[in-house]
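Chain by chain, the residues run as shown.
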Amino acid sequence: MPTQKYLDTLLEIKDNPSLSQRSLAHKLNISLGLTNAILQNLIHRGWVKAQKMTGRKILYLITPQGIARATNLVYDRFRETQNYYQYTKELLTSYLTDLYNQGKRRAVIYGTNQLAEITYLSLLDSPIKLHSILTDDSESSSKKKFLGHEVLILSDFIEKYSQQLSEKSQKELVIISTVSPDKLQQEIKKYKNIPKNIKIINIESILKNFT
């Protein structure tokens, strides 16, 4: 059984001991049969105990051993996340430094997700400077902030910067896409005045090549 299912079930039971199997299955987004199998496994391990109530109702309670196990699993997940974060940041810093050596001087981050956050921190440790942060959300206001920086929608970026960039500056600029760049590329085609020399990099593809 995947560790994640152990943890999710234990935490749900800890927070909501009155949940029925059906409600628990709905919360975990898994089948009723799998929920029953997980509960029986946890009961067998001594991490959960079943207490019969009136009628057919059963109360599932997390035991002290279950609480200890859930704590360990949460800590393991935290360490895995921290290791991934640091590893990804180091890879991106190295990659950005290579881009600098190839002549890139400023970077636009496309996206406002966790990978965008890691990319931003990697930029701080690299010679490349942040140019701006973009989003594909047309409903976003230009006043929206991400990591303390103004977030622009693509049309605002084009209007604000495309006419200001010389051909040399265009070649020195790179757009780092932290989400699928397909929509970005489609949008760019709509604007004739967008700089044609700006390189777009799908950072997820780069990371997959490293791992």
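Residues numbered from 1 in each chain as written. Predicted model: local features only at pLDDT ≥ 70, side-chain atom pairs only at ≥ 80, totals over all residues. Heavy atoms only, no water.

## Concerning the pairing of strand β1 (residues 48-52)
Two faces make up the sheet, and in a regular strand the side chains alternate between them. Bridge analysis of β1 against strand β2 (residues 58-62) gives 5 bridges, and the strand direction is antiparallel. By the bridge assignment, Lys49 is partnered in β2 with Leu61. Taking the residues that link successive antiparallel strands as the turn, the β1-β2 hairpin has 5 residues, and the phi of Gly55 there is positive, at about 65°. (Pairing = 2+ DSSP bridges. Helix = DSSP H or I, 4+ residues; strand = E, 2+ residues; numbered from the N terminus.)

## Details of unusual backbone geometry
Phi is positive for Asn29, which is not a glycine, with a value near 60°. Turning to its location among the elements, Asn29 is positioned in the loop between α2 (21-28) and α3 (32-45). The exposed category is assigned to Asn29, whose relative accessible area is 69%. Positive phi outside glycine occurs at Leu147, with the angle close to 55°. (Buried < 20%, exposed > 50% of the residue type's maximum accessible area, 1.4 Å probe, protein only.)

## Looking at the sheet that holds strand β6 (residues 149-153)
The pairing of strands in a sheet happens through backbone hydrogen bonds and is either parallel or antiparallel. If you trace the 6 strands from one edge of the open sheet to the other, you get β5-β6-β4-β3-β7-β8, paired in mixed fashion. For this open sheet the edge positions go to β5 (145-146) and β8 (199-202), each flanked by a neighbour on one side alone. As paired strands, strand β3 (residues 106-110) and strand β4 (residues 129-135) are joined by 5 bridges and run parallel to one another. Looking across to β4, one finds that Ala107 is bridged to Leu130. The strands that helix α5 (residues 114-124) touches are β3, β4, β5, β6 and β7 (173-177); relative to β3, the one it contacts most, it runs at about 170°. (Contact = heavy atoms within 4.5 Å. Axes fitted to C-alpha atoms, helices over the stretch in contact; angles between N-to-C directions.)

## A few points about the packing of helix α4 (residues 64-101) against α5
Relative orientation of the contacting elements α4 and α5 amounts to 55°, with a least axis distance of 8 Å. One element, α4, and the other, α5, form an angle in the oblique class. Both α4 and α5 take part in a crossing whose hand is right-handed. For the pair α4 and α5, the contacting residues are Tyr84, Tyr85, Thr88, Lys89, Leu92, Thr93 and Leu96 in the first and Gln114, Leu115, Glu117, Ile118, Thr119, Leu121, Ser122 and Leu123 in the second. Of the residues that constitute the contact of α4 with α5, the class distribution is 8 nonpolar, 5 polar and 2 charged. (Parallel < 35°, antiparallel > 145°, perpendicular 65-115°, else oblique. Left-handed = near helix turned anticlockwise from the far one by under 90°. Nonpolar A, V, L, I, M, F, W, Y, C, P; charged D, E, K, R; others polar.)

## Let's talk about empty space enclosed by the protein
The final tally for this structure, using the stated rule, is 1 cavity of 30 Å³ or more. Of the pockets and cavities examined, the largest cavity occupies roughly 30 Å³. Around the largest cavity, the lining residues are Glu12, Ile13, Asn16, Pro17, Leu19, Leu24 and Tyr60. Here the lining of the largest cavity is built from residues that sort into 5 nonpolar, 1 polar and 1 charged. (1 Å grid on protein atoms, 1.4 Å probe; cavity = no way out; pocket = protein on both sides within 12 Å on 5 of 7 lines; lining within 4 Å. Points joined across faces, edges and corners; volume = space filled by probe spheres on them.)

## Here's the deal with the confidence of the model for the protein chain
When the pLDDT values of the protein chain are averaged, the result is 81; 84% of them are 70 or greater. Of all secondary-structure elements in the protein chain, the lowest mean pLDDT belongs to helix α8 (residues 182-189), at 71, while β3 reaches the highest, 92. (pLDDT = per-residue confidence, 0-100.)

## Notes on the environment of Asn36
Summarising the element assignment, Asn36 is placed in helix α3. A sequence separation of 12 residues divides Asn36 from Leu24, and the C-alpha atoms of the two residues are 9.6 Å apart.

## Re the environment of Ala70
For Ala70, the position within the fold is in helix α4. On a C-alpha basis, the gap between Ala70 and Lys14 in space is 9.4 Å, while along the polypeptide they are 56 residues apart. Sequence-distant contacts of Ala70, defined by excluding residues within four places in its chain, comprise Leu7, Leu10 and Leu11.

## Structural notes on the packing of α2 against α3
If you want to describe how two helices pack, look at the angle between their axes and the distance between the axes. Across the interface, α2 lies against α3 with an axial gap of 9 Å and an inter-helix angle of 105°. The angle between α2 and α3 places the two elements in the roughly perpendicular class. Across the interface between the two elements, Gln21, Arg22, Leu24 and Ala25 from α2 touch Leu32, Thr35, Asn36 and Leu39 from α3.

## Some points on α2
Three or more residues of α2 are buried, namely Gln21, Leu24, Ala25 and Leu28. On an axial view of α2, the arc spanned by its buried residues comes to 100°, and they lie on one face. Facing away from the buried side of α2, by more than 90 degrees, are the exposed residues Arg22 and His26. Where α2 ends, the next residue or the one after it, Asn29, has phi of about 60°, a positive value. (Arc of directions from axis to C-beta.)

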